[in-house]
Amino acid sequence: MVVGNAAYSGEMALTNPCNDVRAMHATLVALNFQVTKLEDATLKDMKESIDGFVDRLKTDRASVGLFYFSGHGLQIDDQNYVVPVDFDKHGGPLATHMVAVQPLIEKMSSDVTLVLLDACRNNPGAQREIGTRGLSNIDDARALLVGGRIENTEDDAHTVSGLTAMKVDPNKNIFIAFAAAPGGFAYDGSGQMSPFTQALVANIDAVDLPLFNLTLRVRQEVLAITKDKQRTWDNSSLTDPFFFNPGSLLLFFGNIMALFGLLLSFIPYSLLLATWNVTWKQLAAAIALPLISLAILLFGMQSVYSRLRGNFKYTDATQTTVRSHLLLSLQKGGIGGYLGAQLAALWISVPYFLAWSSAYSRGTTRIEPESLGVLTLEIATAAALISCLLGIACIFLTRVTWSNGRLELVQQPTSRRILLGTLCGGMLTGLVTAPVLMAYFGSMNRPEVTPEYLLPGSIIGASIIIFSIVNFDFERLNAKRMGTSALAALAALACGGLAAVVVFGPLYALGIVQYVTHRLEQQFDDPVVMISGAAAYGLPVGLILGAVIGAAITLTERWSARPVI
C-alpha cells in the first residue's frame, strides 16, 4: 500500500508526495507487487484502505507486506503518526485526526513486513499550523516547531516533533525505514521527488541487492543531495536477507558476454596452432586476445562481488564532468567494443576466407589463400582496435558539445542528440582507422576486403557493443533491461542493414565503389590516393556503424526507461 499526501490546507501544502507515490507505485508494480495507491487521502480514506490492506495480507497469506507513506508525519509522546490531507479540520485531540503507525505494523500479518516512511517534512508552514492549533485548540500538543526546534513547551505538555524510532517485535520479520533520523526532518526536495524517494526508486530494483545494502545506498544518496542535512534511519528485526529484485542468475548473465568473448577469443589461437608456419609474434598476439577477454571477465566478477559486499559510492549525475565522462567512455566503450569485435571478426574472416578459397579453386585468382588461423587473428586484432575506438568515440560524443570555445557536457541528451553523436563518432572512427588498416592490409598480396565482406560482420559487432555495455552494467541490470537490450540489438541490426542499402546502394549503382577499388589497386603507392580512398571507404562504413550504435542506445533507453550511459 502506497500513500502520497500533498494537498494539505494552507501553508501545510507540499509539492512532491503525489509524484513520490506515483513513482513508487510504478516501481513496485514492475517488481510484481500488488499495489493499492492513494493520493491526497483523507482520514476516512486512509483508515478504510488500511483496513482493506490488512485484511488482504491475512487472507492472501502474503509473503511480503509493504506500507509506504509520503507526506507529513510527526511524533507525539514517542508515538508516530502520518497526517491525512483533512488534518484537524474541526479541532479536538490532535492524535484523533491522524493515523498511528505502530498499530498498523502490529496488524500486518505478512511473513516480512516493510514500512517506508518519507514523512516528517521540514515545512515551517506546517510547523506553524500544527503549533497554532496545538496552542489554541488542543491540550495534548503545546509545541511550536520552528526550524526543528521546540519552543513554548510547558512542563505538563506533550511534545510534537519529527518521527521517532519505533518498537519492533523481535519475533517478527519487520523492517522500518525513515526518511530522517529520529526527531529529524525530511526535505520535500526541489526536484520532482523527495530526496528519500528519489534515492529509493533509483536503487530499489537493482538486481540481487540485499535490503541492508539498499538502505546504505539510499542514505549515501540522500546525504549527498541534501548536503549532509538529512540522514535516513532504519529499524530491523529481519533474520534473513531480503531482496526486492532477487536474481543471482541475472548477474551471471551480465557476465555472459564476457564469457562468450573469452570463448570466441580462443578461436584464433586454436586455428593458429593448426597452422604450420606460425611465427612467435602471431602466437603472442593470439594469446593476448583471450588474456584480454579473461581480464574483462575477472573485472566483471570482481564488480559483482564488490557490489554484493556493499561497496558503493554515490555520484551525482548532474555533477559529471567532461573528464569523468571520458573515463567512463573509455571503460564502457572499450569493454563493449572489444566484446563486439570478437563476434564481428568471425563474421568477416570466415566469409572472406571462403570466398578467397573459392576464387582460387576456380582459377579466378592466382593468390594462394592465407590460412584461416592467420586471417582470423589479423581481422580479430584489427576489429578489436576499430570497435574499441568506435565504442569510445560514439559514447563520448553522445554527451558532449562545443560551446564557448570548449567542450561542455550535455546532462540529458535527447534521442536526436545521441544519434548525432554516434554518427559523428562512427565517421571519426572511419577516418582514423581506414588509412591505417588500408596501409597494413594493402601492403599484402591479398584480394580486396570489399564492403560485402566487411559490412555484415561490422554491423553485427556494432549492435553487440551496446548489448555488452548494457549487460555489463550490474547497477542497472534487470530482466527487462536485458531483454530490451537484446531486442534493441536486433532492431539495430535491421537499421544497419537499411542504412547499408541506403548508403552503399547508390555508391555501387553509380560505380563509385568499383572506381575507388580500381584506383587503389593501380595507385596504392600514392599517399594522396591511399588517404582519399581510405576516406571513401571509412566515412560511409563509419556512418553506418554509428547509426547502428545510435539506434541501439536510443531503443534500449526508450524501452527500458533507463539511460545506457
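Residues numbered from 1 in each chain as written. Predicted model: local features only at pLDDT ≥ 70, side-chain atom pairs only at ≥ 80, totals over all residues. Heavy atoms only, no water.

Novice: Help me understand the overall build of the chain in this model?
Specialist: Within the chain, the regular secondary structure consists of 16 helices and 14 strands. Total accessible area on the chain stands at roughly 25,900 Å², and carbon and sulfur atoms take up 60% of it. (Helix = DSSP H or I, 4+ residues; strand = E, 2+ residues; numbered from the N terminus. Areas by Shrake-Rupley, 256 points an atom, 1.4 Å probe, with all protein chains shown as cover.)

Novice: Explanation requested: the pattern of salt bridges in the structure shown.
Specialist: Opposite charge on two side chains allows them to pair when their charged atoms are near. Scanning all chains against the criterion turns up 5 salt bridges. For Arg 219, the salt bridge goes to Asp 234, with nearest N and O atoms at 2.7 Å. Taken together, the residues Arg 219 in helix 6 (residues 211-225) and Asp 234 in strand 12 (residues 233-236) connect sequence positions 15 residues apart. By relative accessible area, which is 17% here, Arg 219 ends up buried. (Salt bridge = Lys/Arg side-chain N within 4 Å of Asp/Glu carboxyl O. Buried < 20%, exposed > 50% of the residue type's maximum accessible area, 1.4 Å probe, protein only.)

Novice: For this particular structure, what's the right way to read the nonpolar core?
Specialist: Nonpolar side chains in soluble globular proteins generally cluster together in the buried interior. Grouped together as the largest cluster of nonpolar side chains are 35 residues, with contacts concentrated most on Val 3, Phe 67, Phe 69, Met 98, Val 115 and Leu 117. Put simply, the parts of the chain that give this core at least two residues each are helix 2 (43-59), strand 3 (64-70), strand 4 (73-76), strand 5 (79-82), helix 3 (101-107), strand 7 (112-118) and strand 11 (173-178). When residues of this core are assigned to their parent elements, the largest contribution, 6 residues, is made by helix 2. The contact partners of Val 3, leaving out residues within four places of it in the chain, are Val 21, Leu 38, Ala 41, Met 46, Phe 67, Tyr 68, Phe 69 and Ser 70. By size, the runner-up hydrophobic cluster in this structure holds 34 residues, among which are Leu 390, Ile 459, Ile 469 and Ala 492. (Core = buried A, V, L, I, M, F, W, Y, C linked by side-chain atoms within 4.5 Å. Contact = heavy atoms within 4.5 Å.)

Novice: Help me out: how do you make sense of helix 1 (residues 17-30) in this one?
Specialist: What sets the pattern is the α-helix's 3.6 residues per turn: residues three or four places apart point alike. The end-to-end C-alpha distance of helix 1 is 20 Å, a good match for the 20 Å that 14 residues give at a rise of 1.5 Å each. The set of residues buried in helix 1 consists of Pro 17, Cys 18, Asp 20, Val 21, Ala 23, Met 24, Thr 27 and Leu 28. A positive phi of about 70° marks Asn 32, the residue just after helix 1. (Expected span 1.5 Å × (residues − 1).)

Novice: Which parts of the structure should I look at to understand the sheet that holds strand 12?
Specialist: The strands that make up a sheet are held in pairs by hydrogen bonds between backbone atoms, and each pair lies either parallel or antiparallel. Pairing is mixed across the open sheet formed by 6 strands, whose spatial order is 2-1-3-7-11-12. Looking at which strands have only one partner, the edges of the open sheet turn out to be strand 2 (37-39) and strand 12. The sheet shows a mean angle of 5° between the axes of neighbouring strands, direction not considered. Where strand 1 (residues 2-4) lies against strand 3, 3 bridges are found, and the strand directions are parallel. Looking at the pairing, Val 2 lines up with Tyr 68 of strand 3. Seen against the sheet, helix 5 (residues 195-203) touches strand 3, strand 7 and strand 11 and runs at an angle of roughly 140° to strand 7. (Pairing = 2+ DSSP bridges. Axes fitted to C-alpha atoms, helices over the stretch in contact; angles between N-to-C directions.)

Novice: Before we go on, may I ask you to explain the packing of aromatic side chains in this structure?
Specialist: A ring pair, where both rings are aromatic, is described by two values, the distance of the centres and the angle of the planes. A full pass over the atoms with the stated rule returns 3 aromatic pairs. Relative to Phe 244, the ring of Phe 33 has its centre 6.1 Å away and its plane inclined at 40°; by these criteria the two rings are tilted. Of this pair, Phe 33 sits in the loop between helix 1 and strand 2 while Phe 244 sits in the loop between strand 12 and helix 7 (248-254), placing them 211 residues apart in sequence. Among the residues examined, Phe 244 registers a relative accessible area of 9% and is labelled buried. Each ring, one from Phe 242 and one from Phe 244, has its centre 5.1 Å from the other, and the planes form 85°; the classification is edge-to-face. With respect to burial, Phe 242 and Phe 244 carry one shared label: buried. Each residue in the set Phe 33, Phe 242 and Phe 244 is aromatic and connected to the rest through ring pairs, giving one cluster. (Phe/Tyr/Trp six-rings, centres within 6.5 Å; stacked < 30°, edge-to-face > 60°.)

Novice: Which parts of the structure should I look at to understand the packing of helix 8 (residues 256-273) against helix 11 (residues 372-397)?
Specialist: Helix packing geometry: the angle between the two helix axes and the distance between the axes. Where helix 8 meets helix 11, the closest approach of the two axes is 7 Å, and the angle between their N-to-C directions is 150°. By the angle class used here, helix 8 and helix 11 are roughly antiparallel. As helix 8 packs across helix 11, the resulting crossing turns out to be left-handed. Residues Pro 268, Leu 271 and Leu 272 of helix 8 form the contact with helix 11, whose participating residues are Leu 372, Gly 373, Val 374, Thr 376, Leu 377 and Ala 380. (Parallel < 35°, antiparallel > 145°, perpendicular 65-115°, else oblique. Left-handed = near helix turned anticlockwise from the far one by under 90°.)

Novice: Can you help me understand the environment of Gly 391 in this one?
Specialist: Mapped onto the secondary structure, Gly 391 falls in helix 11. For Gly 391, a relative accessible area of 1% translates into the label buried. Between the C-alpha atom of Gly 391 and that of Gly 340, which follows or precedes it by 51 residues, the distance is 9.4 Å. For Gly 391, the contacting residues outside a window of four places in its chain are Gly 333 and Ile 465.

Novice: Would you explain the environment of Ile 466 in this entry?
Specialist: With respect to the helices and strands, Ile 466 occurs in helix 13 (residues 451-471). Each C-alpha atom of the pair Ile 466 and Ile 395 lies 9.6 Å from the other, and the pair is 71 residues apart in sequence. Excluding residues that lie within four positions of it along the chain, Ile 466 makes contacts with Ile 549, Ala 552, Ile 553, Thr 556 and Val 564.

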